[in-house]
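# Observations on chain architecture
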Amino acid sequence: MKRVLIFALVLALAAAGGAISLYQMASSLAAPAQRMVGAPPEDLPVEAVVISRDGAAPVHGWYIPGKPSLGGVLLMHGIRADRRQMMDRARFLHAAGYSVLSIDFQAHGETQGDSITFGYLESFDARDAMAYLRARVGGRPVGVIGFSLGGAAALLGPSPLQADAVVLEAVFSTLEQAVQNRMVRSFGEFGNIITPLLLIQVPPRLEIPLEDLAPILAITQLHVPVMIVAGTDDVHTLASESRALYAEANEPKMLWMIEGARHQDLYAYAPMEYRARILAFFELYLL
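The structure presented is a predicted model; accordingly, all values stated were derived computationally and were not measured. (Residues numbered from 1 in each chain as written. Predicted model: local features only at pLDDT ≥ 70, side-chain atom pairs only at ≥ 80, totals over all residues. Heavy atoms only, no water.)

## Considering helix 6 (residues 191-199)
- Where helix 6 is concerned, the buried positions are Gly191, Ile194, Thr195, Leu198 and Leu199. Buried residues of helix 6, seen end-on, are gathered within an arc of 125° and therefore sit on one face of the element. (Buried < 20%, exposed > 50% of the residue type's maximum accessible area, 1.4 Å probe, protein only. Helix = DSSP H or I, 4+ residues; strand = E, 2+ residues; numbered from the N terminus. Arc of directions from axis to C-beta.)

## Here we look at the pattern of salt bridges
- For the coordinates displayed, the defined rule picks out 13 salt bridges.
- Between Arg83 and Asp104 there is a salt bridge, with its nearest N and O atoms 2.8 Å apart. With Arg83 in the loop between strand 4 (72-76) and helix 2 (87-95) and Asp104 in the loop between strand 5 (99-103) and strand 6 (108-109), the pair connects residues that are 21 residues apart, well separated along the chain.
- Residue classification places Arg83 among the buried positions, given a relative accessible area of 2%.
- Since its relative accessible area comes to 0%, Asp104 is described here as buried.
- Salt bridges linked by common partners bring Arg35, Asp82 and Arg84 together as one network. (Salt bridge = Lys/Arg side-chain N within 4 Å of Asp/Glu carboxyl O.)

## Describing the packing of helix 5 (residues 175-187) against helix 6
- In contact at an axis separation of 8 Å, helix 5 and helix 6 are set at 140° when each is read in the N-to-C sense. If you check the angle between helix 5 and helix 6, you find them oblique. For the pair helix 5 and helix 6, the crossing hand works out as right-handed. Two secondary-structure elements touch here, helix 5 through Leu175, Glu176, Val179, Gln180, Met183, Val184 and Phe187 and helix 6 through Gly191, Asn192, Ile194, Thr195, Leu198 and Leu199.
- Counted by class, the contact of helix 5 with helix 6 contains eight nonpolar, four polar and one charged residues. (Axes fitted to C-alpha atoms, helices over the stretch in contact; angles between N-to-C directions. Parallel < 35°, antiparallel > 145°, perpendicular 65-115°, else oblique. Left-handed = near helix turned anticlockwise from the far one by under 90°. Contact = heavy atoms within 4.5 Å. Nonpolar A, V, L, I, M, F, W, Y, C, P; charged D, E, K, R; others polar.)

## Some thoughts on a nonpolar patch on the surface
- On the surface, Phe187, Phe190, Ile193 and Leu197 cluster together into a nonpolar patch covering about 390 Å² of accessible area.
- Residue placement: Ile193 occurs in helix 6. (Patch = residues over 30% accessible without salt bridge, like charges linked within 9 Å, V, L, I, M, F, W, Y side chains within 5 Å. Areas by Shrake-Rupley, 256 points an atom, 1.4 Å probe, with all protein chains shown as cover.)

## A short note on the environment of Leu175
- Take Leu175: it is sitting in helix 5.
- Through-space distance from the C-alpha of Leu175 to that of Gly143 is 25 Å; in sequence the pair is 32 residues apart.

## Topic: the sheet that holds strand 3 (residues 59-64)
- Overall, mixed pairing links the eight strands, which are arranged 2-3-5-4-7-8-9-10 in an open sheet. Both outer strands of the open sheet, strand 2 (47-51) and strand 10 (253-258), are each paired with one neighbouring strand and no more. Adjacent strand axes in the sheet meet at a mean angle of 20° when their direction is disregarded.
- Both strand 4 and strand 7 (residues 142-147) contribute to a ladder of five bridges, which runs parallel. Note that in strand 7 the partner of Val73 across the bridge is Gly143.
- Sheet strands touched by helix 11 (residues 271-286): strand 4, strand 7, strand 8 (165-169), strand 9 (226-231) and strand 10. Its angle to strand 8, the strand with the most contacts, is close to 155°. (Pairing = 2+ DSSP bridges.)

## Here we look at the packing of aromatic side chains
- Per the counting criterion, the structure on display carries nine aromatic pairs.
- A ring pair is formed by Tyr98 and Phe282, whose centres lie 6.2 Å apart and whose planes are at 65°; its orientation type is edge-to-face. Pair noted here: Tyr98 is in the loop between helix 2 and strand 5 and Phe282 is in helix 11, with a separation of 184 residues, a long-range link.
- Classification of Tyr98 as buried rests on a relative accessible area of 3%.
- Under the relative-accessibility criterion, Phe282 is labelled buried at 0%.
- Relative to Tyr285, the ring of Phe281 lies with its centre 5.3 Å away and its plane at 65°, an arrangement referred to as edge-to-face. Here Tyr285 and Phe281 lie together in helix 11, a separation of four residues that amounts to about one turn.
- Lys253 extends its terminal NZ or CZ atom over the ring of Tyr246, reaching a point 4.6 Å from the ring centre. (Phe/Tyr/Trp six-rings, centres within 6.5 Å; stacked < 30°, edge-to-face > 60°. Lys NZ or Arg CZ within 6 Å of the ring centre and 35° of its normal.)

Listed below in structure tokens is the structure:
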């Protein structure tokens, strides 16, 4: 009898330890990634901006004016990054004459926030940034480039971001799939067991239903030209997810699968082709 009690106690302690580990793992996934961004690049005519709004923390960013005759492009970074991640794109867009706004999402960089919400609250940052950019370019056409979290923010929320042309890079299809991809990569088949135990924590902790974190559902409501860019060897956002997003998107649409690229800076991976394709897409729909 004593051995049975000891065994039961060991099992209970193991279960408690596992539960604590899962709670901490979920906490780390949504933990803020705030930091001081520092001085802007000296080779660009950057203006530091703070976009004030009612009921939410101001959005911090960098604005780079372009030619008065052209519109602008909103740049939105990936998870746990900040506006600096998009500066190489800002350089070639500015050289082409576009005005550029690169922002820090809530709970990232210098924009305050309690938790990363995988694109949901970030979508409100995107809307406010879009309104600011449209005002700065005098109502001229505005495009968007969103990488990973940034692309999700362009789709999620009450409605997709109504830009005039949208580039989505390495955007997950659903949060469930994104978490599973990462858990399986880290823990092998055991990741399939961990995944639902992490996902069950999302709605009560973030107060967001899982179905509101599914870009593949939201993209059907996007009615502007869209270009989907992804790497064929991406293990965080699978190539099949990007093709599924493309299949659900409305026309006009384009798909560029970059051979050999992973979940990484796709501009840095193929700079010449990236620059040519993105500028051609914006020339077609923004000029």
